Amino acid sequence: MLGCCQTRRSEMSSESVKTFSSLETPGYVGFANLPNQVHRKSVKKGFEFTLMVVGESGLGKSTLVDSLFLTDLYSERVIPDAVEKAKQTVKLDASTVEIEERGVKLRLTVVDTPGYGDAIDNHDSFRAIIQYIDDQFERYLRDESGLNRRNIVDNRIHCCFYFISPFGHSLKPLDIEFMKQLHNKVNIVPVIAKADCLTKKEVLRLKKKIMEEIEANGIKIYPLPDCDSDEDDDYKEQVRQLKEAVPFAVCGANTLLEVKGRKVRGRQYPWGVIEVENPEHCDFIKLRTMLITHMQDLQEVTQEVHYENYRSERLAKGAPKKPLVSIICLKFRGLSQLPLTMGQKLKSRGSQG
Ligand code: GDP
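Residues numbered from 1 in each chain as written. Predicted model: local features only at pLDDT ≥ 70, side-chain atom pairs only at ≥ 80, totals over all residues. Heavy atoms only, no water.

Novice: It is not clear to me how the overall build of the protein chain should be interpreted in this structure. Could you clarify?
Specialist: Secondary structure summary: the protein chain contains 12 helices and nine strands in total. Within the protein chain, contacts between residues at least 6 apart in sequence are counted, and of these 69% link residues at least 24 apart. (Helix = DSSP H or I, 4+ residues; strand = E, 2+ residues; numbered from the N terminus. Contact = heavy atoms within 4.5 Å.)

Novice: Help me understand the pairing of strand 4 (residues 159-164) in this model?
Specialist: Taken residue by residue, a regular strand's side chains alternate between the two faces of the sheet. Burial analysis of strand 4 places six of its six residues in the buried class, which makes it a mostly covered element. By the alternation rule, side chains of strand 4 split into Cys-159, Phe-161 and Phe-163 and Cys-160, Tyr-162 and Ile-164, which are all buried. When strand 1 (residues 47-54) meets strand 4, the two strands line up parallel, connected through four bridges. Bridge pairing links Met-52 to Cys-160 in strand 4. Regarding topology, helix 6 (residues 173-182) serves as the crossover connection from strand 4 to the parallel strand 5 (residues 188-192), and that connection is right-handed. (Buried < 20%, exposed > 50% of the residue type's maximum accessible area, 1.4 Å probe, protein only. Pairing = 2+ DSSP bridges. Right-handed = clockwise from strand over helix to strand, strands pointing away.)

Novice: Can you walk me through the packing of helix 5 (residues 127-144) against helix 10 (residues 295-315) in this structure?
Specialist: Each pair of packed helices can be described by the angle between their axes along with the distance between the axes. Viewed as axis vectors pointing N to C, helix 5 and helix 10 meet at an angle of 80°, and their least axial separation amounts to 10 Å. What the angle tells us is that helix 5 and helix 10 run roughly perpendicular. Every residue of helix 10 that contacts helix 5 at Asp-134, Phe-137, Glu-138, Tyr-140, Leu-141 and Glu-144 is listed here: Thr-302, Gln-303, His-306, Tyr-307, Tyr-310, Arg-311 and Arg-314. Partitioning the contact of helix 5 with helix 10 into residue classes produces five nonpolar, three polar and five charged. (Axes fitted to C-alpha atoms, helices over the stretch in contact; angles between N-to-C directions. Parallel < 35°, antiparallel > 145°, perpendicular 65-115°, else oblique. Nonpolar A, V, L, I, M, F, W, Y, C, P; charged D, E, K, R; others polar.)

Novice: Just to check I follow, could you spell out the environment of Ile-129 for this structure?
Specialist: Within the element layout of this structure, Ile-129 appears in helix 5. Along the primary structure Ile-129 and Val-111 are separated by 18 residues, whereas in three dimensions their C-alpha atoms are 9.9 Å apart.

Novice: What is the right way to look at the environment of Gly-58 in this model?
Specialist: Position of Gly-58 relative to the elements: it lies in the loop between strand 1 and helix 3 (61-69). Once the C-alpha coordinates of Gly-58 and Ala-193 are considered, the two residues, 135 residues apart in sequence, prove to be 9.7 Å apart.

Novice: Just checking my understanding: could you explain the side chain of Ser-165 for this structure?
Specialist: Looking at the secondary structure, you find Ser-165 in the loop between strand 4 and helix 6. A polar contact is formed between the side chain of Ser-165 and the backbone nitrogen of Phe-167, at a distance of 3.1 Å. Other than its neighbours up to four places away in sequence, Ser-165 contacts Leu-59, Lys-172 and Leu-206. (Polar contact = N/O pair within 3.5 Å; in protein donor to acceptor, adjacent residues only side chain to side chain.)

Novice: Explanation requested: helix 5 in the structure shown.
Specialist: Helical periodicity: at 3.6 residues per turn, an α-helix aligns residues three or four positions apart in one direction. If you check helix 5, its first and last C-alpha atoms are 26 Å apart, about what 18 residues at 1.5 Å a residue would give, namely 26 Å. Within helix 5, the full set of buried residues consists of Ile-129, Ile-130, Tyr-132, Ile-133, Asp-134, Gln-136, Phe-137, Glu-138, Tyr-140 and Leu-141. Packing partners of the buried residues in helix 5 comprise strand 1, strand 2 (93-101), strand 3 (104-112), helix 6 and helix 10. (Expected span 1.5 Å × (residues − 1).)

Novice: Please explain the environment of Ile-130 as it appears in this structure.
Specialist: With respect to the helices and strands, Ile-130 occurs in helix 5. Given a relative accessible area of 15%, Ile-130 falls into the buried group. For the pair formed by Ile-130 and Phe-178, sequence separation is 48 residues and the distance between their alpha carbons is 9.4 Å. Once residues within four sequence positions are removed from consideration, Ile-130 is found in contact with Gln-181, Leu-182 and Lys-185.

Novice: Looking at this model, I keep getting lost on the nonpolar core. Mind explaining?
Specialist: What tends to happen in soluble globular proteins is that the nonpolar side chains get buried as a cluster. Ranked by internal contacts, the top residues of the largest apolar core, which has 74 residues, are Phe-161 and Phe-178. The element best represented in this core is helix 5, accounting for seven residues. Beyond its immediate stretch of four places on either side in the chain, Phe-161 contacts Leu-51, Met-52, Val-53, Val-54, Leu-64, Leu-68, Val-189, Val-191, Leu-287, Met-290 and Leu-291. (Core = buried A, V, L, I, M, F, W, Y, C linked by side-chain atoms within 4.5 Å.)

Next up, the structure:
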């Protein structure tokens, strides 16, 4: 009897040895598997992202968002007439969709800003937007200091597409004022709307002028992070092209057209078709690549730079209202020059700020 038990025990222990360690690969502890655990957990939990779109009405914001995520977020939208628009103040309108692609879930919230730039005096247009961004930070701060910190819904704005009209010669005073007021609170990505209205040469000229004005006015747009030296060449080239494309000149469309036997998303004109997803026609694909490949970074910058600033200001009640430096965040992001102001901090992450 005893002999039988002993045999079973020794069988079991040799089984468990097989299951829990790999005798064939001595020196292998197993922590190389950690990324897989993180991957599995994140996929199970899903991802959250909040995008804000700002710009005068009619610049194609809704069309672009629908084209970017292949959704129909604005099917019930009512467009006010000119009389209503004149009376209307800026409203904020958040719509959430859950998108799933190959088992990965993304809870995407798009915050639209109808009424922005529509009033006769647009001076106050950005007040409601600033308030909204601060309210989300405040909510997160409260949730974080509350009892149940496990299931916090993150509604902070991770990225703001700022739509610039293609019809002017550069930025308007309202554009400059908006970006100045918000660059310390949110990652701004400037976008030239309806780029199909411009020739290639005009797009390049407008891009150059916009970047000059952004620089001259000390506006800090979202700086795409520099690549690590061990990154592969294709990725480095992709990031270089993305940086070069800022401000992204885009066009949007929700109609599928047939071009040379292919179904493409595009806009049909008497002289031809603008293919939204053709990099020769506009920067739509570059904008989408930037957003998807930098989603994590946009969230990190929101957490470590913008939210930290808000949090520090809130905690140091009575302190002057200027951005405070988050030392932890700088260390984490591998920035060595301390102390920096937040402006310099953002700048040092990339060359576009
Ligand atoms: P929003 O008010 O900024 O959300 O603008 P909409 O997305 O509702 O678009 C306003 C109008 O512009 C609609 O008639 C769209 O079909 C048109 N539109 C949208 N995107 C583009 C574009 O990229 N190029 C051109 N030429 N027209 C566009």
